[in-house]
Amino acid sequence: QVQLVESGGGLVQPGGSLRLSCAASGFTFGFTFSSYVMRWYRQAPGKERELVASITTTGGSTVQADSVKGRFTISRDNAKNTVYLQMNSLKPEDTAVYYCSAIRGFSYQFWGQGTQVTVSS
């Protein structure tokens with residue numbers, strides 16, 4: 001069972017930056033961290049969970065939601081089994097619980113427990 005542990009959340013003022021990390025472990029049956037597409041999602045109070053950013057297995061391609069383009073960057077270090085989300089120019093509307101997720105094929109998706117990000121003055 002893949003385990004994902006997010007860290008790096010906290011309280012930041014508008015315009016500030018945070019870097020989230022997600023450490024992965026528990027890979028079995030010959031699969032490794034580099035077998036998984038990695039994504040960051042977020043869920044604000046009273047709203048549905050939304051996809052923030054996605055990165056391919058090799059890190060060669062990334063996608064970001066329109067709401068974070070130009071401000072957030074997803075990256076991964078396959079040697080460290082870790083995916084990152086660099087968040088710059090943070091806005092109050094970025095306040096949410098941020099989750100990382102590991103996806104393999106159409107049948108396997110694992111989730112972390114989430115980390116709270118609060119943007120407020």
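Residues numbered from 1 in each chain as written. Predicted model: local features only at pLDDT ≥ 70, side-chain atom pairs only at ≥ 80, totals over all residues. Heavy atoms only, no water.

1. Considering the overall build of the chain
What counts here: Helical segments are the DSSP runs of H or I of at least four residues, strand segments are the runs of E of at least two, and each set is numbered from the N terminus. When we talk radius of gyration, it's over C-alpha atoms, and the globule rule is simply 2.2 Å times the number of residues to the 0.38. For every residue, the accessible area obtained with a 1.4 Å probe (protein chains only) is divided by the maximum for its type, and the residue is called buried under 20%, exposed over 50%, and partly exposed between those limits. Note on areas: these come from Shrake-Rupley sampling with a 1.4 Å probe, and a residue is covered only by the protein chains present in the view. We score Asp and Glu as negative and Lys and Arg as positive, and we do not count His or the chain ends. Positions of charges follow a simple convention, taking NZ of Lys, CZ of Arg, CG of Asp or CD of Glu.
Along the chain, the regular secondary structure elements total zero helices and 11 strands. Helices and strands in the chain line up, N terminus first, as β-β-β-β-β-β-β-β-β-β-β. In terms of overall dimensions, the chain is globule-like: its C-alpha atoms have a radius of gyration of 14 Å, near the 14 Å expected for 121 residues. When each of the 121 residues of the chain is scored for burial, the buried share is 41%. Element-wise, carbon and sulfur atoms account for 50% of the exposed surface of the chain, whose accessible area totals about 6400 Å². Charged side chains in the chain number 11 positive and 7 negative. The centres of these two groups are separated by 5 Å.

2. Notes on unusual backbone geometry
With a phi angle near 55°, Phe-29 is a residue other than glycine that sits in the positive phi range. Within the secondary structure, Phe-29 is located in the loop between β3 (18-25) and β4 (37-43). Note on Phe-29: relative accessible area 79%, which makes it exposed. Unusually for a residue other than glycine, Asn-81 sits at a positive phi of about 55°. Structurally, the position occupied by Asn-81 is in the loop between β7 (72-77) and β8 (82-87).

3. Details of the pairing of β7
Applicable threshold: DSSP calls a pair of strands paired once it identifies at least 2 bridges connecting them.
Here β7 shows a buried face lined by Phe-72, Ile-74 and Arg-76 and an unburied face lined by Thr-73, Ser-75 and Asp-77. Note: β7 against β8, six bridges, orientation antiparallel. By the bridge assignment, Thr-73 is partnered in β8 with Gln-86. Following β7, the chain reverses through four residues before pairing antiparallel with β8; Asn-81 in that reversal takes a positive phi of roughly 55°.

4. Quick look at the environment of Glu-93
Of note, Glu-93 is situated in the loop between β8 and β9 (96-104). For Glu-93, a relative accessible area of 55% translates into the label exposed. Taking the C-alpha atoms as reference points, Glu-93 and Val-119, separated by 26 residues in sequence, lie 7.6 Å from one another.

5. Focus on the sheet that holds β7
As a reminder of what qualifies: In this analysis an axis means a line fitted to C-alpha atoms, helices contributing only their contacting stretch, and an angle means the value between N-to-C directions, from 0 to 180 degrees.
Ordered by their spatial adjacency, four strands build an open sheet running β1-β3-β8-β7, and the pairing between neighbours is antiparallel. Here the strands that pair on one side only, and so sit at the sheet edges, are β1 (3-7) and β7. The average undirected angle you get between the axes of adjacent strands in this sheet is 15°.

6. Things to note about the pattern of salt bridges
For clarity, the cut-off: Criterion for a salt bridge: a side-chain nitrogen of Lys or Arg within 4 Å of a carboxyl oxygen of Asp or Glu.
Overall, the coordinates contain four salt bridges when judged by the stated rule. Look at the salt bridges and you will find they share partners, linking Arg-42, Glu-50, Arg-71 and Asp-94 into a network.

7. Concerning the packing of aromatic side chains
Here is the rule: Between 30 and 60 degrees the pair is tilted, below 30 it is stacked and above 60 it is edge-to-face, where a pair is any two Phe, Tyr or Trp rings, Trp via its six-membered ring, whose centres lie within 6.5 Å. Should the NZ of a Lys or the CZ of an Arg lie within 6 Å of a ring centre and within 35 degrees of the ring normal, that charge is described as sitting over the ring.
Scanning the model with the defined rule gives four aromatic pairs in all. Centre to centre, the rings of Phe-27 and Phe-33 are 6.2 Å apart; their planes meet at 65°, and the pair counts as edge-to-face. Clustering of aromatic rings is evident, with ring pairs tying together Phe-27, Phe-33, Tyr-36 and Phe-110. Sitting above the plane of the Tyr-108 ring, Arg-104 keeps its charged end 4.3 Å from the centroid.

Everything listed is a geometric property; what it means functionally is a separate question.
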